Amino acid sequence: MLDAIPFSSFAEFVDMGGYGFNVWSVYALFAIFVAVNLILPLRKKQKIIHQLKQRMTLDAEIQSEDNSNRE
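Overview of the structure. (Residues numbered from 1 in each chain as written. Predicted model: local features only at pLDDT ≥ 70, side-chain atom pairs only at ≥ 80, totals over all residues. Heavy atoms only, no water.)

## Describing a nonpolar patch on the surface
A cluster of nonpolar residues, Phe 30, Phe 33, Val 34, Leu 38 and Ile 39, forms a patch on the protein surface that exposes about 510 Å² of accessible area. With respect to the helices and strands, the residue Phe 33 is situated in helix H2 (residues 20-70). Residue Phe 33 is classed as exposed on the basis of its relative accessible area of 53%. (Patch = residues over 30% accessible without salt bridge, like charges linked within 9 Å, V, L, I, M, F, W, Y side chains within 5 Å. Areas by Shrake-Rupley, 256 points an atom, 1.4 Å probe, with all protein chains shown as cover. Salt bridge = Lys/Arg side-chain N within 4 Å of Asp/Glu carboxyl O. Helix = DSSP H or I, 4+ residues; strand = E, 2+ residues; numbered from the N terminus. Buried < 20%, exposed > 50% of the residue type's maximum accessible area, 1.4 Å probe, protein only.)

Dropping the structure here:
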């Protein structure tokens, strides 16, 4: 299996025949893209849940004040 590897050293693998910068920058951009597409929706979800909890608390306070004012 190791005979199928066309690189004789790790430095040659990183260099990728002179195209290393292009190859590794694409991998880095892809990793950033995936991370952003995982993290941002999770943060947005947490923000929405927080806002909904605040809204429910305020609605409950307003409703309890209305009930106390009617009595």
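## Here's the deal with the packing of aromatic side chains
Taken as a whole and judged by the stated rule, the model has three aromatic pairs. Ring plane angle 40° and centroid distance 6.1 Å describe the contact between Phe 10 and Phe 13, whose orientation is recorded as tilted. Of this pair, Phe 10 and Phe 13 both sit in helix H1 (residues 10-15), three residues apart, which is roughly one turn of that helix. Of the residues examined, Phe 10 reaches a relative accessible area of 64% and is grouped as exposed. (Phe/Tyr/Trp six-rings, centres within 6.5 Å; stacked < 30°, edge-to-face > 60°.)

## Details of the environment of Pro 6
With respect to the helices and strands, the residue Pro 6 is situated in the segment before H1. A relative accessible area of 62% means that Pro 6 is categorised as exposed. Through-space distance from the C-alpha of Pro 6 to that of Met 16 is 10.0 Å; in sequence the pair is 10 residues apart.

## A short note on unusual backbone geometry
Peptide bonds are, in most cases, trans, and in most cases residues other than glycine have a negative phi. At Met 16, a position not held by glycine, the phi torsion is positive, near 50°. Mapped onto the elements, Met 16 comes out in the loop between H1 and H2.

Note that all results are geometric; they support no functional claim without further evidence.
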